Amino acid sequence: MAETIIIRVQSPEGVKRITATKRETVATFLKKVAKEFGFRNNGFSVYTNRNRTGEITASQNKSLNLLKIKHGDMLFLYPSSPAGSSSETMDTSVSQGLRPVGAPQVVEDEIDQYLIKQDGKIYRNRDQQLCRHGPLGKCVHCVPLEPFDEDYLNHLEPPVKHMSFHAYIRKLTGGADKGKFVALENISCKIKSGCEGHPPWPEGICTKCQPSAITLNRQKYRHVDNIMFENHTIADRFLDFWRKTGNQHLGYLYGRYTEHKDIPLGIRAEVAAIYEPPQIGTQNSLEILEDPKAEVVDEIAAKLGLRKVGWIFTDLVSEDTRKGTVRYSRNKDTYYLSAEECITAGNFQNQQPNICRLSPDGHFGSKFVTVVATGGPDNQVHFEGYQVSNQCMALVRDECLLPCRDAPELGYAKESSSEQYVPDVFYKDIDKFGNEITQLARPLPVEYLIIDITTTFPKDPVYTFSISQNPFPIENRDVLGETQDFHSLATYLSQNTSSIFLDIISDFHLLLFLVTNEVMPLRDSISLLLEAVRTKNEELAQTWKKSEQWATIEQLCSTVGVQISGLQEYGAMGGSTHAVSAAMWACQHCTFMNQPGTDHCEMCSLPRT
């Protein structure tokens, strides 16, 4: 009878023991290895050395004894890479090792993929007083610090209370196991389904399906570390609505996520444009209406290299109109965000989850930010940035958090009912004797849910879109008499004296009008122009300018009675302009194209002039 031997095989997933015989062929042995590790026949390679030398190839003629493989020997298994390179195989195994078991394969944001590859350590120069070693040595006073070092963050100016999210990941994955068992699980406030040991709620509940109680803590990290508007014009045009009406206003921030170098492994949200959805605003309230163009706006922004990164709203009350000052109302004595605003922010963050490879759900937290335009300590308009914590997102997602009617700074955790089970929510406080106590979150100070983010403007302005002295009107501002129609487009073109077509057309609100107008939407034929704006390519813009679509737009503009100087310079079919003008006319009220010889619009029955 052949002598039985046990051979150890080490892989990125661990070590397993394979039972074989000395006379067993290599091919038979490799089949046992594939079956034990769950690989296909060609999905791995086995080596005698850890440095990937001495590969064992499948052979029906060679036995294990011939290869001098003895009882108790260690072999090393590595999964095969599709590209075939050893470096890519190592990267793949490392990423799979960091991904928890059962987590879906996800593609993270570009900024996340970039920061994963960065070193992230904080390098320090040699201290002349404390360091006693040579220029090439290192000691505790000059050795590089980890990106999550709290002492370093606290001594920055200003101090940083929250480490970056990627620094937090480095902290979790920096141990001896390299984060093999790390899993960022999303909080759930709902009863787990599928428990068959008792009747469903409210008749029964058990410890297996009951959600855990939540104790609110200050979140140690934040997903976005800085918010930066590209230039002052973006914010000024948004504030113009409040300046002209006195009513509060809201908008969505479109931009991109980039590296924030002031904080180790930090992320910055750069704002390039503000889209203002349909809404009803008063001096002390805002109501967001359903937006039928929301999907189109996101689609156009994506083709421009932008995405929805946050939302902004005003909370401004004029104090002295002669001095131009506003009231300082949001401070430590009142509140920074009201409970209702926290719930709205949590709802937006749930709609824009952060893709994360370490989460079993494939997402964890959100990069969506909140910006408030309000009065500062100097009674001038300040922009304050915030996010709500992942605990707040969970409470909002599972409908467990309510605002208080008479106290905007307080929220209220719902009580369980026959329709919904709500876990207990607690927070820690200090009583009048200085002792730490645990309180039930009914009511709940919303400071436990808020994460503040610095909001800045650059010293050197950046312009993704061109700036004009007479810009194209912003959408959904009919209450100001600013409408987006072909009359306003013709006026914009007539007042814009730039000779570069790309500068004229590079306006976010103008591009949205060209795509969403009801007379001639260009959703299917504007991709080339959007690519020209994204890459700032004048040649592509000139190519699109010669298309029939732009010629038709010019013809529609010429029918509204505005003299456009130099319009033929931008056009492709200028010769037919007068014929079309004499044939049809566009209503100034509804833009309907009417037949010649009529004095009233056939659609809205309003007079021509």
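Residues numbered from 1 in each chain as written. Predicted model: local features only at pLDDT ≥ 70, side-chain atom pairs only at ≥ 80, totals over all residues. Heavy atoms only, no water.

Section: the overall build of the protein chain
As a reminder of what qualifies: Helix and strand labels come from DSSP, where a helix needs a run of H or I of at least four residues and a strand needs a run of E of at least two; each type is numbered from the N terminus. We take the radius of gyration over the C-alpha atoms and set the globule estimate at 2.2 Å times the residue count to the 0.38 power. Using a 1.4 Å probe on the protein chains alone, a residue whose accessible area is under 20% of its type maximum counts as buried, one over 50% counts as exposed, and one in between counts as partly exposed. Here, two residues are considered to be in contact whenever any of their heavy atoms come within 4.5 Å of each other. A 1.4 Å probe and the Shrake-Rupley method give the accessible areas. Residues count as covered only by the protein chains that appear here.
Check the secondary structure of the protein chain and you find 17 helices and 28 strands. For 609 residues, the compact-globule estimate of 2.2 N^0.38 gives 25 Å, and the C-alpha radius of gyration of the protein chain, at 32 Å, exceeds that figure by more than 25%. In terms of principal-axis extent, the alpha carbons of the protein chain reach across some 110 × 75 × 70 Å. Taken over 609 residues, the protein chain has a buried fraction of 44%. Within the protein chain, residue pairs in contact and separated by at least 24 positions form 65% of the contacts whose partners lie at least 6 positions apart. Carbon together with sulfur atoms contributes 49% to the accessible area of the protein chain, which is approximately 32,800 Å² in total.

Some thoughts on the pairing of strand β2 (residues 14-21)
The condition is simple: Strand pairing is defined by DSSP finding a minimum of two bridges between the two strands.
In this structure, strand β1 (residues 4-11) lies alongside β2, joined through 8 bridges in antiparallel fashion. Along β2, the bridge assignment pairs Arg8 with Arg17. Between the end of β1 and the start of β2, which pair antiparallel, lie 2 residues.

Some thoughts on the sheet that holds strand β25 (residues 444-445)
In space, the 3 strands of this open sheet follow the order β21-β22-β25, with antiparallel pairing throughout. What marks the edges here is a single partner per strand, and that holds for β21 (401-403) and β25. When β21 meets strand β22 (residues 410-413), the two strands line up antiparallel, connected through 3 bridges. Of the residues in β22, the one forming a bridge with Leu401 is Ala413.

Some remarks on the packing of helix α8 (residues 339-351) against helix α9 (residues 390-397)
Put simply, the rule reads: The angle between two axes is taken between their N-to-C directions and runs from 0 to 180 degrees, where each axis is a line fitted to C-alpha atoms and a helix contributes only its stretch in contact. In these notes the angle categories are as follows: under 35 degrees is roughly parallel, over 145 is roughly antiparallel, 65 to 115 is roughly perpendicular, and the rest is oblique. For this classification, Asp, Glu, Lys and Arg are treated as charged, while Ala, Val, Leu, Ile, Met, Phe, Trp, Tyr, Cys and Pro are nonpolar and the rest, including Gly, are polar.
Orientation of α8 relative to α9, taken along the N-to-C sense of each, is 90 degrees, at an axis distance of 8 Å. It follows that α8 is roughly perpendicular to α9 by the angle criterion. Where α8 approaches α9, its residues Cys342, Ile343, Gly346, Asn347, Gln349 and Asn350 are matched on the opposing element by Cys392, Met393, Val396 and Arg397. For the contact of α8 with α9, a count of residues per class yields 5 nonpolar, 4 polar and 1 charged.

Regarding the state of the cysteines
Rule in force here: Put simply, a disulfide is two cysteine sulfurs that come within 2.5 Å.
Using the criterion set out here, one finds 0 disulfides in the structure. Residue Cys189 stays outside any disulfide, its sulfur separated by 4.4 Å from that of Cys400, the closest cysteine. For Cys392, which is in no disulfide, the shortest distance to another cysteine sulfur is to Cys342 and amounts to 5.6 Å. The exposure class assigned to Cys392 is buried, which follows from its relative accessible area of 0%.

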